[in-house]
Amino acid sequence: SDLRQMLATKSVENIQFLPFLTTDVNNLSWLGYGCLKQDWTLITVNTIGAALQTLYILAYLYYSPAKRPVLLRSLLLLAVLAAGYGYFTLLIADTRTRLARLGLFCSVFTISMYLSPLADLAKIVRTKSTRCLSFPLTITTFLASTSWTLYGLQLHDPYITV
């Protein structure tokens, strides 16, 4: 994993920061949705996920030689989260509307996160090599998304199902 590589090499070379940041936003968004819905499964899973992603971000910051860009991106993340929190709590008074809009945001953000590796598709086709794809990560992503889909179906929640 990237964390293992950072700890072993004490370096962030060849490790991208953006996936840590986007996954943290995703976990925190679903955590907000879970709190609003009072769904302890969502709350528990996403609290653990957000805590781990925050630790990854801190490790990245610690080992990064250029701390300023990492700090600026992290502060931007906090500003976006604060703005989102303000929007969903202060500007949308109706709880059902808030739940629907936050659920839609979470779904769209999660779909874009899961689709982002497809950006490598052109490279895979051009080189006729799948070396840039991580097979364990692909399987894990498939299993995780399948389990969330099944959970969403069980709850009749279209946002989790997606």
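These lines cover the structure that appears in this document, whether it is placed above or below.

Criteria and cut-off values
- Residues numbered from 1 in each chain as written.
- Predicted model: local features only at pLDDT ≥ 70, side-chain atom pairs only at ≥ 80, totals over all residues.
- Heavy atoms only, no water.
- Helix = DSSP H or I, 4+ residues; strand = E, 2+ residues; numbered from the N terminus.
- Buried < 20%, exposed > 50% of the residue type's maximum accessible area, 1.4 Å probe, protein only.
- Contact = heavy atoms within 4.5 Å.
- Areas by Shrake-Rupley, 256 points an atom, 1.4 Å probe, with all protein chains shown as cover.
- Lys, Arg positive; Asp, Glu negative; His and termini not counted.
- Charge placed at Lys NZ, Arg CZ, Asp CG, Glu CD.
- 1 Å grid on protein atoms, 1.4 Å probe; cavity = no way out; pocket = protein on both sides within 12 Å on 5 of 7 lines; lining within 4 Å.
- Points joined across faces, edges and corners; volume = space filled by probe spheres on them.
- Nonpolar A, V, L, I, M, F, W, Y, C, P; charged D, E, K, R; others polar.
- Core = buried A, V, L, I, M, F, W, Y, C linked by side-chain atoms within 4.5 Å.

To continue, consider the overall build of the protein chain. When helices and strands are counted, the protein chain shows eight helices and zero strands. Going from N to C terminus, the protein chain has its helices and strands arranged as α-α-α-α-α-α-α-α. Relative to its 162 residues, the protein chain shows a buried fraction of 28%. Within the protein chain, residue pairs in contact and separated by at least 24 positions form 64% of the contacts whose partners lie at least 6 positions apart. Summed over all atoms, the accessible surface of the protein chain reaches about 10,900 Å², with 68% contributed by carbon and sulfur. One way to put it: in the protein chain the 13 positive side-chain charges average out to a point 7 Å from where the 7 negative ones average out.

This next bit is on the layout of surface pockets. To find leftover empty space, a probe the size of one water molecule is rolled over the atoms. In this structure, the second largest pocket spans a volume of roughly 400 Å³. Every residue lining the second largest pocket is counted, 15 residues in all, and those nearest its centre are Leu-28, Gly-32, Gly-84, Tyr-85 and Leu-102. Within the lining of the second largest pocket, the residues separate by chemical class into 10 nonpolar, four polar and one charged.

Moving on, we come to the nonpolar core. In this structure, Met-6, Phe-17, Phe-20 and Tyr-60 are the most contacted members of the largest nonpolar core, which totals 14 residues. Elements that contribute at least two residues to this core include exactly α2 (18-37), α3 (40-63) and α4 (67-91). Counting residues per element, this core draws most heavily on α3, at five residues. Dropping the residues within four chain positions of it, Tyr-60 is found in contact with Met-6, Val-12, Ile-15, Gln-16, Phe-17, Phe-20 and Val-70.

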